[in-house]
Amino acid sequence: MNINFTLIAQAIAFAILIWFTVRFVWPPLLRAIEKRQKEIADGLAAAHEGKISLEKAEIRNAETLDETKQKGAEILNQAEKRATEIVEAAKKSAQEEGDRIITGARAEIDQELNRAKEELRAQVSTLALAGAEKILDKEIDKKAHVAMLAKLAKDL
Amino acid sequence: MADSAYNTPSEYIEHHLSNNAIALSEHNMMVLHLDTAIMAIICGFVSMGLIWLVARKATSGVPSKTQAFVELLFGFIDDQVKSSFNGDRNAFIAPAALTVFVWVLIMNSMDFLPIDIMAKIYGFFGLHYWKNVPTADINTTFALALGVWILMIYFGIKVHGLKGWTKDLFCAPFGPNPLVWPANFIFNIIEYISKPLSHSLRLFGNMYAGEVIFLLIGMLAASGVYGVFFSSLLGAGWAIFHILIVALQAFVFMMLTVVYLSMAHEGH
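Residues numbered from 1 in each chain as written. Chains lettered and ligands numbered in written order. Predicted model: local features only at pLDDT ≥ 70, side-chain atom pairs only at ≥ 80, totals over all residues. Heavy atoms only, no water.

Some details on the layout of surface pockets
All names here are of chain B. The condition that has to hold: With a 1 Å grid spanning the protein atoms alone, the term cavity applies to any set of points in which a 1.4 Å probe fits but cannot get out, the term pocket to an open set with protein on both sides within 12 Å along at least five of seven lines, and the term lining residue to any residue with an atom within 4 Å of a point. Grid points are joined across faces, edges and corners, and a volume is the space filled by probe spheres set on the points. A run of H or I in DSSP becomes a helix once it reaches four residues, and a run of E becomes a strand once it reaches two; helices and strands are each numbered from the N terminus. Ten residues, namely Ala, Val, Leu, Ile, Met, Phe, Trp, Tyr, Cys and Pro, are considered nonpolar, four, namely Asp, Glu, Lys and Arg, are considered charged, and the remaining ones, Gly among them, are considered polar.
In this structure, the second largest pocket spans a volume of roughly 300 Å³. Along its surface, the second largest pocket is lined by 20 residues, and Y6, H16, D116, A119 and K120 are the ones closest to its centre. Looking at the lining of the second largest pocket, the elements with two or more residues in it are α1 (9-16), α5 (115-124) and α7 (181-220). At seven residues, the largest contribution of residues to the lining of the second largest pocket is made by α5. Here the lining of the second largest pocket is composed, by residue class, of 10 nonpolar, five polar and five charged.

Overview of the packing of aromatic side chains
Condition: Only rings of Phe, Tyr and Trp enter the pairing, Trp through its six-membered ring, and a pair is recorded when the two centres are within 6.5 Å. The plane angle decides the type: under 30 degrees is stacked, over 60 is edge-to-face, the rest tilted. Only when the NZ of Lys or the CZ of Arg is both within 6 Å of the ring centre and within 35 degrees of the ring normal is a charge said to sit over the ring.
Under the criterion given, the structure shown has 19 aromatic pairs over all chains. On the basis of an interplanar angle of 50° and a centroid distance of 6.0 Å, the ring pair of F170 of chain B and W181 of chain B is categorised as tilted. Linking F170 of chain B in helix α6 (residues 138-171) with W181 of chain B in helix α7, this pair joins segments that are 11 residues apart in sequence. Here a set of aromatic residues connected by ring pairs shows up, and it is made of W19, F20 and F24 of chain A together with W52 of chain B. The ring centre of W52 of chain B lies 5.0 Å from the NZ or CZ of R56 of chain B, which sits over that ring. Its guanidinium or amino end placed over the ring of Y192 of chain B, K195 of chain B lies 6.0 Å from that ring's centre, counting from NZ or CZ.

Structural notes on the interface of chain A and chain B
Heads up, the rule is: Should any heavy atoms of two residues lie within 4.5 Å, those residues are counted as being in contact. Accessible area, probed at 1.4 Å, shrinks when two parts are joined; the buried area is that loss added up over both. In the sections that follow, a salt bridge refers to a side-chain nitrogen of Lys or Arg positioned within 4 Å of a carboxyl oxygen of Asp or Glu. Polar contact criterion, stated in full: a pair of N or O atoms within 3.5 Å, where within protein one must be able to donate a hydrogen and the other to accept it, and residues adjacent in sequence count only if both atoms are side-chain atoms.
Residue-level contacts link 30 residues of chain A with 50 residues of chain B. For the pairing of chain A and chain B, the buried interface totals around 3,500 Å² over both sides, and the portion due to carbon and sulfur atoms is 77%. Considering only the side of chain A, the residues that lose the most area to chain B are Q10, F14 and W26 of chain A, jointly responsible for 22% of the buried surface there. Applying the counting criterion to the chain A and chain B interface returns one salt bridge. Between R36 of chain A and E71 of chain B there is a salt bridge; the shortest N-O distance is 2.8 Å. Linking chain A to chain B there are 12 residue pairs in polar contact (both at pLDDT 80 or more). Among the residues making up the side of chain A that touches chain B, the classes are represented as 21 nonpolar, five polar and four charged.

Topic: the packing of α1 of chain B against α7 of chain B
Residues and elements named next belong to chain B. Formally: Lines fitted to the C-alpha atoms define the axes, with helices restricted to the stretch that makes contact. Angles between their N-to-C directions range from 0 to 180 degrees. Angles are sorted into four bins: roughly parallel if under 35 degrees, roughly antiparallel if over 145, roughly perpendicular if 65 to 115, and oblique for all others. Crossings are sorted by hand: turned counterclockwise from the far helix by less than a right angle, the near helix makes the crossing left-handed, and turned clockwise it makes it right-handed.
Where α1 contacts α7, the axes come no closer than 10 Å and their chain directions differ by 140°. Judged by the angle between their axes, α1 and α7 are oblique. The two elements α1 and α7 meet at a crossing, and its hand is right-handed. Across the interface between the two elements, P9, Y12, I13 and H16 from α1 touch L215, L216, G218 and M219 from α7. When the residues that make up the contact of α1 with α7 are grouped by side-chain class, the tally is six nonpolar, two polar and no charged.

Comments concerning the environment of K167 of chain B
All names here are of chain B. For clarity, the threshold we go by: Each residue's exposure class comes from its accessible area (1.4 Å probe, protein chains only) as a fraction of the maximum for that residue type: buried when under 20%, exposed when over 50%, partly exposed otherwise.
With respect to the secondary-structure elements, K167 resides in helix α6. With a relative accessible area of 52%, K167 lands in the exposed category. Taking C-alpha positions, K167 is 42 Å from S25, a pair spaced 142 residues apart along the chain.

A few points about the environment of M30 of chain B
Tracing the backbone through its elements, the reader meets M30 of chain B in the loop between β1 (21-23) and β2 (31-33). Residue class for M30 of chain B comes out partly exposed when judged on its relative accessible area of 30%. With residues near it in sequence (within four places) discarded, M30 of chain B still touches F5 of chain A together with I22, A23, L24 and S25 of chain B.

A look at α5 of chain B
Two residues of an α-helix separated by three or four positions point the same way, owing to the 3.6 residues in each turn. Residues and elements named next belong to chain B. Just so we agree on the cut-off: By construction, the arc corresponds to the directions joining the helix axis to the C-beta atoms.
The complete set of buried residues in α5 reads I115, M118 and Y122. Relative to the axis of α5, the buried residues are bounded by an arc of 65° and lie together on one face. Opposite its buried face, α5 presents the exposed residues I117, K120 and F124, each directed more than 90 degrees away. Those residues of α5 that are buried lie in contact with α1, α2 (34-56) and α7. At the exit of α5 stands G126, carrying a positive phi of roughly 85°.

Focus on the pattern of salt bridges
Following the criterion strictly, the structure yields nine salt bridges over all chains and no others. With its nearest N and O atoms 3.3 Å apart, the salt bridge here joins R82 of chain A to E85 of chain A. With R82 of chain A and E85 of chain A both in helix α1 (residues 6-136), this residue pair falls three residues apart, about one helical turn. Judged by relative accessible area, which is 43%, E85 of chain A ranks as partly exposed. Close ionic contact of K195 of chain B with E191 of chain B constitutes a salt bridge, the shortest N to O distance being 3.2 Å. Of the two residues, K195 of chain B and E191 of chain B both sit in helix α7, four residues apart, roughly one turn of that helix. A relative accessible area of 10% places K195 of chain B in the buried class.

Here's what the structure looks like:
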């Protein structure tokens, strides 16, 4: 329990140890820890930014999707309308064509009919004449009755 | 008292509490406790050297387990200093606190070395007086406390200037009235004397008492078969309790160092 020179020796050792720690031990540890703290803070900030930009991108995506859907619906509408138009036009032209064909056919039929009638008429007059000739034989003068026969053929 | 070389218990205790003293000259004060000095220097330089080896290669990336341990210690000290000191702690006070804590903790931990086995080992090298615990020597604790005391005065003068520091000596704590100057001065002198005394004697007393109790338990072992049984039981119990004392006293010593130094920065 006596104080002696040991005190001086220990004080010197203490001074050297403190100097050593202040100079060599503390600074690298502090640097490493502070650098890591900064890196972690930066990382967290970057993550936050990333989250925000992700949210923005999601909103933009939703907007684009909506727009696209709308456009798609519009296009579909237009296409339907156009299809209806085409079908209508096709129906109309088909109708017209049918009408035209029917009209043509009717005209032809009329023509045929008229021709047949003409033929029939001509033949009837001849037949009638032949029949009358056979019945009347020589009683009728061809020349004297030609006008009457022509009138008869016309009336048929 | 396994060694039968001792005739009386007091001889055993006295032997184990004597330092390996070398007289450097005729003068009474010029005596060096070789055991204290060498153990303290080994403890200090091995512990701080190991920390330095880790700190040298410290990476800011994912730390190794050793580095993580050192960083835990670093963070612990840094937190303690931060809570009681407001200036730039990294410049001096925090590393000084780390040194004090680690060094005192390791020196205190030498108490766990079993005294009689260590005495045999030292005896093998021809060292018949060798105390393991440097902090159980008043010279060590007083040297540390005086070192802190000098730093305290140094920082007091550095922060407040010689004039401001002297003014504080006379004008605090009772005020600047010349009538209370003597009272102020006496108060401050008592404070300056009591600080290193309480600082060093607290650590010394705890460690010295711890060693004495280990010695008493060791003596019980010499009293027979039951003595050996109870002595090992008590020794283990005291050692476990002593872990708390060792760490606590190192922590208290470090905290007082920080508090004294931050008081010197703040002034009155």
